[in-house]
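Each chain is listed here by its residues.
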Amino acid sequence: MSEQFEPVIIGFTCNWCSYRAADLAGTARMKYAPNVRLIRLMCSGRLDPTFVMKALATGADGVLITGCHPGECHYVEQNYKALRRYLLLRRVLKGMGIAPERVKLVWASAAEGTKLTNEINTFVEEIRALGPLGWNKKLAGNGHAVEELAVEEVAA
Amino acid sequence: MSAETKKPKVGVYVCHCGTNISHTVDVEQVRDWAEKTLGAEGVVISRDYKFMCSSLGQELIEKDIKEMGLDRVVVAACSPHLHEMTFRGASKRAGLNPYLTELASIREQVSWVHTDKEVATEKAKAVVAGAVERVVQNEPLEDIRVPIHPDTLVVGGGIAGIQAALEIANAGFKVYLVEREPSIGGHMAQFDKTFPTLDCAACILTPRMFEAGMHPNIELLTWSEVTNVAGYVGNFTVTIKKKPRYVIEELCTGCGICVEKCPKKVVDDVYEAGLGYRKVVYTPFAQAVPKYPVIDAPNCTYFQKGTCKACEKFCPTNAIDFNQKEEFINVEVGNIILATGYDLFDARRVSNYGYGRLANVFTSIEFERMCNAAGPTSGNIVLRDGKTQPKSVGIIHCVGSRDKNYNNYCSSICCMQSLKFAHLVKERTGATVYDFYIDMRTPMKAYDEFYQRVMDEGTLFVRGKVAQVTNAARNEHEEGKLIIQVEDTLAGKQRRIPVDMVVLSTGMEPRHDAKETSHLFGIGCSSDGWFTEKHPKLDPISTMTEGIMIAGTATGPKDIPASVAQGAAAAARVLDKILQKEVVLEPIKASVNQEQCSGCRICNGLCPYNAILFHEDRMVSEINPALCQGCGTCVAACPAGAINGTGFSNAQILAQIDGLLMDVNLAGA
Ligand SMILES: Cc1cc2nc3c(=O)[nH]c(=O)nc-3n(C[C@H](O)[C@H](O)[C@H](O)COP(=O)(O)OP(=O)(O)OC[C@H]3O[C@@H](n4cnc5c(N)ncnc54)[C@H](O)[C@@H]3O)c2cc1C
Ligand code: SF4
Ligand code: SF4
Ligand code: FES
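Source: prediction; values computed, not measured. (Residues numbered from 1 in each chain as written. Chains lettered and ligands numbered in written order. Predicted model: local features only at pLDDT ≥ 70, side-chain atom pairs only at ≥ 80, totals over all residues. Heavy atoms only, no water.)

**Considering the overall build of chain B**
Quick note on the threshold: Only runs of H or I of at least four residues qualify as helices and only runs of E of at least two qualify as strands under DSSP, and these elements are numbered from the N terminus. The classification of residues rests on relative accessible area computed with a 1.4 Å probe and restricted to protein chains. Under 20% of the type maximum is buried, over 50% is exposed, and intermediate values are partly exposed. Whether two residues touch is decided by their heavy atoms; if any such pair falls within 4.5 Å, the residues are in contact.
Along the backbone of chain B there are 18 helices and 34 strands. A principal-axis box enclosing the C-alpha atoms of chain B has dimensions of 90 × 70 × 40 Å. When the 669 residues of chain B are sorted by exposure, 56% land in the buried category. Counting only contacts in chain B whose residues sit at least 6 apart along the sequence, the fraction spanning at least 24 positions is 69%.

Below, the structure is given as structure tokens:
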């Protein structure tokens, strides 16, 4: 493998649109960067910001949130709620000293395999540019954040 | 994870999918790795197989469940949208609750989209680990069974909707047929002849319309529109707005005296496509079903000035009622068929073809009306002056279709429609006909034969996309004519062909309000606006929303035979559901743990289905499972963590994250 940094990204998909876009990308044999690992939710409205925090805390370098286009949510308008949470979440991340660009929201309909593919590739490059987050290495066993130095001392 | 409960016994099955997976993922490596590394998570057996979905593959799982006492299953194969049902079925047959089975998509999400085998294999492991961690947290669930209401709603009374309504009604079940215009019939009612057989449209359509109008099981709601849809498959409550007709249907005999006596005429933009006139109280055409007229209130002198009432004076049964108000009715139905049809492309948009500017440029639907014996010119093909027969006619294909500037798709019927026009012009006027096409598309039964017939009749075919239609003459031959400028790609030269009349074969477009309709009914539509099928090939008449079917041109351009076939197919699907009497739903629902709910009411406003009610007395929220559709938005919002979403619980998703990132943490350790 090459020397360049290979980020690990968790992608949340909606059962009705982006998950199907991923299926379509597969069926059409489109190629995208292997750095993204997808989780299926029934709707972007199911996305609890805790999931994003958990992913970052467990070692993901970035999180991609995807859902149906505005106005096209299978459950009427829950993607707007996802959008609200996303905007708030970015502010929280900033407050915590994490680049808010590590989390990105993208709309992709079931027909947009190409769009999803392109978005994934772009996001992987963006996270690659930001470098590793390594938050998992800054946590103690009980999940609480600890000083990076302290970790090293304990390890030593 | 949950140490207190007994350790789960998970079986992992990795599929080669022929070579679909194994050509980019080292399946054996994933299998070995799962058994070794995921042993701590509960994996007790891991196998690989050429085709897991085959009966032998499924038996492998069933055997292990029975003999090894597996209580969780992970199949690493294709997308759950393809085979989740298959493997849940296998588990069920072996006595394991089907919801304790997970599909890890290592085909659509790994082998088909990546190329480097080493990297793909690592990702496949992560996906499998995610599924294993998740499945351990799965709870056994029971399918939800709900009874199906035997009545059906059909929206749109074009040929597709009429066909669907008749099939269901003839099988003995009640149908509400809602049509927004005063009569059913749709576009077909406007035509003269139909390709390729040239039978008269009215002759074949009217009996169907009449049958639908008289059928004891069909309740016709014309001049009506659906305004609200609540509920879910089997149990929809639909609100229908009946616009005021100002004619009491119970009293009206359809004698037509009011129409005769009404002193005011307006241009008929709908049925006559702007070519003819109609009265202000009118039935769109002679064979309209139902026969009751409507008063076009915005144009009615009485509504404008408070005088006239000619219709009221002359109506022999006192059926005119100027005080009618719009009415809203609620109906309960189990299934819905949407057959709302298409709109025509607006030819004005292609300004270089001159429609709306050059008098003798006509659209296809204007031409249909002109050919119709009951139409504005009594079936005579004449210029805009209403009397002169053209000596030469140019017909242009693909107007607004197959063009990046307008619609990318092929409207599928315009070639045949143009050939039909060419034949009619020849037959009725003997004029010289030029037919300008990009590609001739005549693939259905008896279509190409029709093309050959029109060639034999002497229509002159020019292959090339017309650049413009102009009246700027360059010589005396062109004087007073419409000149068609085209690159003849077969002759390899530019040509200017002067004609008296031009007919534009305008394409089909989704209904202008298709997006609103799709939102109202909660189904998908493409960015163009065509309704999206559940599967474009294998299930073209279903949608992603259970209980809502689609038929006819609402899903994309097609001809009458295909629209009729879809109407019938959608009806068959509905009958299948009615006869099953109940429907099985996935048990994905939210519920509030009343002990944990703090009564903050944050969830209350989040549900689009108003499924969450608040008990003021006990200060807790509760979710009505019949209304909850399982989106999970409230689950994500509850600050007390009091709401559980089955199938997608916090525990399942958090565990899946752990699994997906297992390698990162193993490497870091
Ligand atoms: C010029 C022309 C010529 C053609 N000639 C031929 C031919 O010769 N042979 C052939 O096979 N095909 C022909 N076609 C194709 C043919 O018109 C269609 O295949 C067929 O009419 C489609 O029927 P439909 O029921 O899907 O749609 P439509 O005929 O469009 O019917 C839809 C109905 O739904 C109603 N509606 C729409 N929205 C709502 C709503 N929200 N609520 C309630 N009601 C609603 C509409 O008022 C309409 O009555 C031709 C098409 C054109 C444009
Ligand atoms: S959000 Fe949670 S705690 Fe608040 S009312 Fe709803 S269920 Fe109760
Ligand atoms: S999961 Fe919650 S918000 Fe979604 S439909 Fe059910 S009750 Fe409503
Ligand atoms: S269903 Fe896709 S975002 Fe709501």
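**A closer look at the site of ligand 3**
Condition: Whether a residue is near a molecule or strand depends on its heavy atoms: if one lies within 4 Å, it is near. Here the term charged refers only to Asp, Glu, Lys and Arg, the term nonpolar to Ala, Val, Leu, Ile, Met, Phe, Trp, Tyr, Cys and Pro, and the term polar to all other amino acids, Gly among them.
In the region of ligand 3, 13 residues are neighbours, and B:Cys607, B:Cys628, B:Cys631, B:Gly632 and B:Cys634 sit closest. Ligand 3 sits at a junction of chains, with neighbouring residues supplied by chains A and B. The residue inventory of the shell around ligand 3, partitioned by class, reads nine nonpolar, four polar and no charged.

**Considering the state of the cysteines**
Here a disulfide denotes one covalent bond, and it connects the sulfur atoms of two cysteines. Residues and elements named next belong to chain B. We apply this condition: Count a disulfide wherever a pair of cysteine sulfur atoms falls within 2.5 Å.
On inspection of all chains with the given rule, the structure shows one disulfide over all chains. Of the cysteine sulfurs around cysteine 371, a residue in no disulfide, the closest is that of cysteine 200, at 13 Å. Residue classification places cysteine 371 among the buried positions, given a relative accessible area of 2%.

**What about the domain arrangement of chain B?**
All names here are of chain B. Basically, it comes down to this: The source of the domain bounds is an automatic or database domain assignment. As a working definition, buried area equals the accessible area (1.4 Å probe) given up by two parts on being put together, with both sides summed. When a carboxyl oxygen of Asp or Glu lies within 4 Å of a side-chain nitrogen of Lys or Arg, that pair is called a salt bridge.
Taken domain by domain, chain B comprises domain 1 (10-143), domain 2 (152-180 + 216-341 + 510-580) and domain 3 (345-507). A straight line from the C-alpha centre of domain 2 to that of domain 3 covers 32 Å. Taken together, the contacts link twelve residues of domain 2 with 16 residues of domain 3. For the domain 2 face of the interface with domain 3, the top three residues by lost area are Leu275, Pro557 and Asp559, together amounting to 48%. Counting across the interface, domain 2 meets domain 3 through one salt bridge. With a closest N to O distance of 2.7 Å, glutamate 272 and arginine 369 form a salt bridge. When the residues that make up the side of domain 2 that touches domain 3 are grouped by side-chain class, the tally is seven nonpolar, one polar and four charged.

**Here we look at the site of ligand 2**
As a matter of local geometry, ligand 2 sits amid 13 residues, with B:Cys597, B:Cys600, B:Cys603, B:Ser621 and B:Cys638 nearest to it. Across the shell around ligand 2, the residue classes tally to nine nonpolar, three polar and one charged.

**Examining the pairing of strand E33 (residues 620-623) of chain B**
Residues and elements named next belong to chain B. We count it as follows: Being paired, for any two strands, means DSSP has found at least two bridges between them.
Sheet topology note: the strand E32 (residues 612-615)/E33 ladder contains four bridges and is antiparallel. Within E33, the residue paired with isoleucine 612 across the bridge is isoleucine 623. Following E32, the chain reverses through four residues before pairing antiparallel with E33; methionine 619 in that reversal takes a positive phi of roughly 55°.

**Here we look at the sheet that holds strand E27 (residues 501-506) of chain B**
Hydrogen bonds along the backbone pair up the strands of a sheet, which may run parallel or antiparallel. Residue and element names in this part refer to chain B. As a reminder of what qualifies: Throughout, an axis means a line fitted to C-alpha atoms (over the contacting stretch in the case of helices), and angles, computed between N-to-C directions, take values from 0 to 180 degrees.
The five strands lie next to each other as E20-E27-E21-E22-E23, forming an open sheet whose pairing is parallel. Here the strands that pair on one side only, and so sit at the sheet edges, are strand E20 (361-363) and strand E23 (460-463). Strand-to-strand twist of the sheet, defined as the mean angle between neighbouring strand axes without regard to direction, takes the value 20°. Taken together, the five bridges between strand E21 (residues 392-399) and strand E22 (residues 432-437) define a ladder with parallel strand orientation. Across the sheet, isoleucine 395 pairs through a bridge with aspartate 435, a residue of E22.

**Some remarks on unusual backbone geometry**
All names here are of chain B. Phenylalanine 195 connects to proline 196 through a cis peptide bond whose omega is -10°. Note that proline 196 resides in the loop between strand E8 (193-194) and strand E9 (199-200). Here the bond from valine 289 into proline 290 is cis, since omega is 0°, no more than 30 degrees from zero. Within the secondary structure layout, proline 290 lies in the loop between strand E15 (281-282) and strand E16 (294-295). Of note, leucine 198 is a non-glycine position whose phi angle comes to about 65°, a positive value. Relative to the elements of secondary structure, leucine 198 occurs in the loop between E8 and E9. With a phi angle near 50°, asparagine 610 is a residue other than glycine that sits in the positive phi range. Considering the arrangement of structural elements, one finds asparagine 610 in the loop between strand E31 (590-592) and E32. With a relative accessible area of 63%, asparagine 610 lands in the exposed category.

**Structural notes on the nonpolar core**
Residues and elements named next belong to chain B. The test is simple: Each nonpolar core is a collection of buried residues, namely Ala, Val, Leu, Ile, Met, Phe, Trp, Tyr and Cys, held together in the definition by side-chain atoms within 4.5 Å.
If you look at the biggest cluster of nonpolar residues, it comprises 67 residues, and the most contacted ones within it are Ile168, Ile218, Ile337, Phe367 and Met501. Residue contributions to this core peak at eight residues, all from helix H12 (residues 414-429). What isoleucine 337 contacts, discounting residues up to four positions off in sequence, is Leu153, Val154, Val155, Ala164, Ile168, Met549, Ala551, Ala570, Ala571 and Val574. Ala34, Leu70, Ala76 and Met662 belong to the second-largest nonpolar core, a separate cluster that totals 42 residues.

**Regarding the sheet that holds strand E11 (residues 224-232) of chain B**
Residue and element names in this part refer to chain B. Pairing is antiparallel in the open sheet, where three strands are placed in the order E11-E12-E17. Where the open sheet ends on each side, the last strands, each with one partner, are E11 and strand E17 (327-333). The mean angle between the axes of side-by-side strands here comes to 20°, regardless of whether they run parallel or antiparallel.

**Considering the packing of helix H5 (residues 117-137) of chain B against helix H17 (residues 650-660) of chain B**
Axis angle and axis distance: for two packed helices, these are the angle between their axes and the distance between the axes, and together they describe the pair. Residues and elements named next belong to chain B. Definition in use: Here the angle decides the label: under 35 degrees means roughly parallel, over 145 means roughly antiparallel, 65 to 115 means roughly perpendicular, and every other value means oblique. Crossings are classed by handedness, with left-handed meaning an anticlockwise turn of the near helix from the far one by less than a right angle and right-handed meaning a clockwise turn.
Interhelical geometry of H5 versus H17 gives an angle of 150° and a closest axis separation of 7 Å. The angle between H5 and H17 places the two elements in the roughly antiparallel class. Seen along the crossing, H5 lies across H17 with a hand that is right-handed. Each of Ala126, Val127, Ala129, Gly130, Glu133, Arg134 and Gln137 in H5 lies in contact with H17, whose residues at this interface are Ala651, Gln652, Ala655, Gln656, Gly659 and Leu660. Across the contact of H5 with H17, the residue classes break down as six nonpolar, five polar and two charged.

**Re the interface of chain A and chain B**
Heads up, the rule is: Here a polar contact is recorded for every N or O atom pair within 3.5 Å, except that within protein the pair must consist of a potential hydrogen donor and a potential acceptor, and residues adjacent in sequence are included only if both atoms are side-chain atoms.
Opposite the 48 residues of chain A that make contact, chain B presents 48 residues. Taking both partners together, chain A and chain B bury about 4,300 Å²; carbon and sulfur atoms supply 59% of that area. Of all residues in chain A, the largest losses of buried area upon contact with chain B belong to A:Arg37, A:Arg40 and A:Arg46, amounting jointly to 16% of the total for that side. The interface formed by chain A and chain B holds three salt bridges in total. Applying the counting rule to chain A against chain B returns 21 residue pairs in polar contact (both at pLDDT 80 or more). Listing elements by their share of the side of chain A that touches chain B, those giving two or more residues are strand E1 (9-14), helix H1 (18-27), strand E2 (36-41), helix H2 (49-57) and helix H3 (78-95) of chain A. For the side of chain A that touches chain B, the leading source of residues is H1(A), giving seven residues.

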